Amino acid sequence: PVTSDEALQLEAARFASHLQWSEAGSDPNGPPRSPLAVARFVKMAALAGYYWATLPDAAARYAVFHAPHSRFFLFGHIHRAGACGTAMGG
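Residues numbered from 1 in each chain as written. Predicted model: local features only at pLDDT ≥ 70, side-chain atom pairs only at ≥ 80, totals over all residues. Heavy atoms only, no water.

As for the overall build of the chain
Then, in step 1: Of the regular secondary structure elements, the chain holds 2 helices and 0 strands.
Then, in step 2: Out of the 90 residues belonging to the chain, those deemed buried represent 3%.
Then, in step 3: For the chain, the exposed surface amounts to about 8200 Å²; the carbon and sulfur share of it is 65%. (Helix = DSSP H or I, 4+ residues; strand = E, 2+ residues; numbered from the N terminus. Buried < 20%, exposed > 50% of the residue type's maximum accessible area, 1.4 Å probe, protein only. Areas by Shrake-Rupley, 256 points an atom, 1.4 Å probe, with all protein chains shown as cover.)

Listed below in structure tokens is the structure:
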């Protein structure tokens, strides 16, 4: 059973996630126009697709190895796209 506090927290998380994704597609400068901007957009879209396709299995393997007796395992990471740089320049 979910408590009312947990339900409110879940609804707040859903709202924040929806807001983040709806803002991601609304660049005040409009869609990318230069070849470099289009290439960056395509790269980010490809990386997002790759991670969405592979992360669930990676998380499951991690959970089986590090927490085999756990009933629940929360795995996630959210930040505004491009806010954190990586060694690969992302």
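A few points about helix H2 (residues 35-66)
Then, in step 1: Counted at 1.5 Å a residue, the expected span for H2 with its 32 residues is 46 Å, and the 44 Å between its end C-alpha atoms agrees.
Then, in step 2: The largest bend in H2 comes to about 40°, at Thr54, with the proline Pro56 one to four residues further on. (Expected span 1.5 Å × (residues − 1). Bend = angle between axes of the 7 residues up to and from the residue.)

Considerations on a nonpolar patch on the surface
Then, in step 1: Residues Met44, Leu47, Tyr50 and Tyr51 make up a contiguous nonpolar surface patch of roughly 390 Å² in combined accessible area.
Then, in step 2: Looking at where Leu47 falls in the secondary structure, it is placed in helix H2. (Patch = residues over 30% accessible without salt bridge, like charges linked within 9 Å, V, L, I, M, F, W, Y side chains within 5 Å. Salt bridge = Lys/Arg side-chain N within 4 Å of Asp/Glu carboxyl O.)

Looking at the environment of Ala63
Then, in step 1: Tracing the sequence through the fold places Ala63 in helix H2.
Then, in step 2: The sequence separation of Ala63 and Leu74 amounts to 11 residues, and the corresponding C-alpha distance is 9.2 Å.
Then, in step 3: Here Ala63 is in contact with Pro68 and Phe73, once residues within four sequence places are set aside. (Contact = heavy atoms within 4.5 Å.)

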